[in-house]
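Coordinate analysis (summary)
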Amino acid sequence: MLEVKNVSYSYEDGASRRLILKDIDVSFKSGTFYTITGESGSGKTTLLSLLGALDRPQTGDILFNGQSIYDDPSTYLSKHVGFVFQSYNLIDYMTAYENVKASLNIAKVNKSPENIYGLLNVLGIGKDKADRLVSKLSGGEMQRVAIARAIAKSPSILLSDEPTGNLDEQNSRFVCEMFKILAHKLDLCVIMVTHDLNLAKKSDVIYRIYLGDKRLIHETL
Ligand SMILES: Nc1ncnc2c1ncn2[C@@H]1O[C@H](COP(=O)(O)OP(=O)(O)OP(=O)(O)O)[C@@H](O)[C@H]1O
Ligand SMILES: [Mg+2]
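Let us look at the structure shown here. Quick caveat, the model's predicted, so the values are computed rather than measured. (Residues numbered from 1 in each chain as written. Chains lettered and ligands numbered in written order. Predicted model: local features only at pLDDT ≥ 70, side-chain atom pairs only at ≥ 80, totals over all residues.)

Taken together, the neighbourhood of ligand 1 is formed by Tyr 11, Ile 20, Gly 38, Ser 40, Gly 41, Ser 42, Gly 43, Lys 44, Thr 45 and Thr 46. Its residues assigned to classes, the shell around ligand 1 comprises two nonpolar, seven polar and one charged. (Near = placed C-beta within 6 Å. Nonpolar A, V, L, I, M, F, W, Y, C, P; charged D, E, K, R; others polar.)

Given below as structure tokens:
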């Protein structure tokens, strides 16, 4: 479904370029929960931004259902990709409900209030919390709202960069369990970057980027 074909990526470093990812060849399928691990600076965030078409590789291509994501990156991003970040990136002066609604408006997807409240409820955010400013929710609750916001438009791909980085163990486990359910029950392709090998073990497939090697290696823990 999402095919990374011979992708290499380098950043500009003064007059030269510094290679971060080398000859990445991998396919991500729907209905599967993937994790990507690797040392700090190995290129995990870089790879995720390529998968979300936020950046472009110098060589190679990334295909979504057979078409290059760079043909029409904004449609790909708005229709097919949901993002969940470490720092939630919610709009502070809006309620949880309004945050989800606003992202649906951007994606031009219409959902009823019942539908939005229902989705938040499935993620453990009842009506009282859904109508609260997100700045008045706990970190764990904010991340649940961020997940609701990412999946409300029914994307095919969920990309998440260290979503548990600011969470305690219990909330981290909840996020992973939710990602697994989303992959298996809603047929999403979930790709989560994490440092935490115990969380990575909860995913279906683990990949690791090695700093020196710059390639993506299938890992069995
Ligand atoms: N905009 C940029 N310009 C130049 N170099 C960059 C840029 N962004 C990242 N880098 C470098 O690219 C390398 C990979 O960065 P990246 O953020 O992808 O790593 P990471 O695996 O996500 O690390 P971490 O676990 O610390 O989040 C690092 O050496 C980083 O310093
Ligand atoms: Mg990173």
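Having seen the structure, we can now continue with the description.
Take the sheet that holds strand S6 (residues 81-85) next. Taken in spatial order, the six strands make up an open sheet running S6-S7-S8-S3-S9-S10, and their pairing is mixed. Where the open sheet ends on each side, the last strands, each with one partner, are S6 and strand S10 (216-219). Each adjacent strand pair in this sheet contributes to an overall mean axis angle of 20°, direction not counted. Inspection of the sheet shows strand S7 (residues 157-161) paired to strand S8 (residues 189-193) by five bridges, in the parallel sense. Residue pairing for S8: Ser 160 is matched across the bridge by Met 192. Relative to the sheet, helix H6 (residues 139-151) contacts S6 and S7, its axis offset from that of S6 by approximately 165°. (Pairing = 2+ DSSP bridges. Helix = DSSP H or I, 4+ residues; strand = E, 2+ residues; numbered from the N terminus. Axes fitted to C-alpha atoms, helices over the stretch in contact; angles between N-to-C directions. Contact = placed C-beta atoms within 7 Å.)

On to the packing of helix H3 (residues 96-106) against H6, then. Contact pair H3 / H6: the axes reach a minimum separation of 8 Å and the direction vectors enclose 25°. Judged by the inter-axis angle, H3 sits roughly parallel to H6. Both H3 and H6 take part in a crossing whose hand is right-handed. Along its contact with H3, which presents Ala 96, Asn 99, Val 100 and Ser 103, the element H6 presents Val 145, Ala 148 and Arg 149. Looking at the contact of H3 with H6 residue by residue, the classes come out as four nonpolar, two polar and one charged. (Parallel < 35°, antiparallel > 145°, perpendicular 65-115°, else oblique. Left-handed = near helix turned anticlockwise from the far one by under 90°.)

What you tend to see is this: most non-glycine residues have negative phi, and most peptide bonds are trans. Positive phi, normally seen in glycine, also occurs at Asn 6, with a value near 50°. Secondary-structure assignment places Asn 6 in strand S1 (residues 2-13). Overall, the presence of 12 C-beta atoms within 10 Å leaves Asn 6 in the exposed class. Backbone geometry at Asn 89 places phi at a positive 55°, although glycine is not the residue there. With respect to the helices and strands, Asn 89 occurs in the loop between S6 and H3. On the neighbour-count criterion, Asn 89 (12 C-beta atoms within 10 Å) is exposed. (Buried ≥ 20, exposed ≤ 12 C-beta atoms within 10 Å, placed from the backbone.)

So, about the sheet that holds strand S5 (residues 67-68). Sheet architecture is open: four strands sit in the order S2-S1-S4-S5, paired in antiparallel fashion. Two strands lie at the open edges of the sheet, namely strand S2 (16-28) and S5, each paired on one side alone. Relative to strand S4 (residues 59-64), S1 runs antiparallel, the two sharing five bridges. Note that in S4 the partner of Leu 2 across the bridge is Phe 64. Across the sheet, helix H1 (residues 44-51) touches S1, S2 and S4, and the angle it forms with S1 is around 125°.

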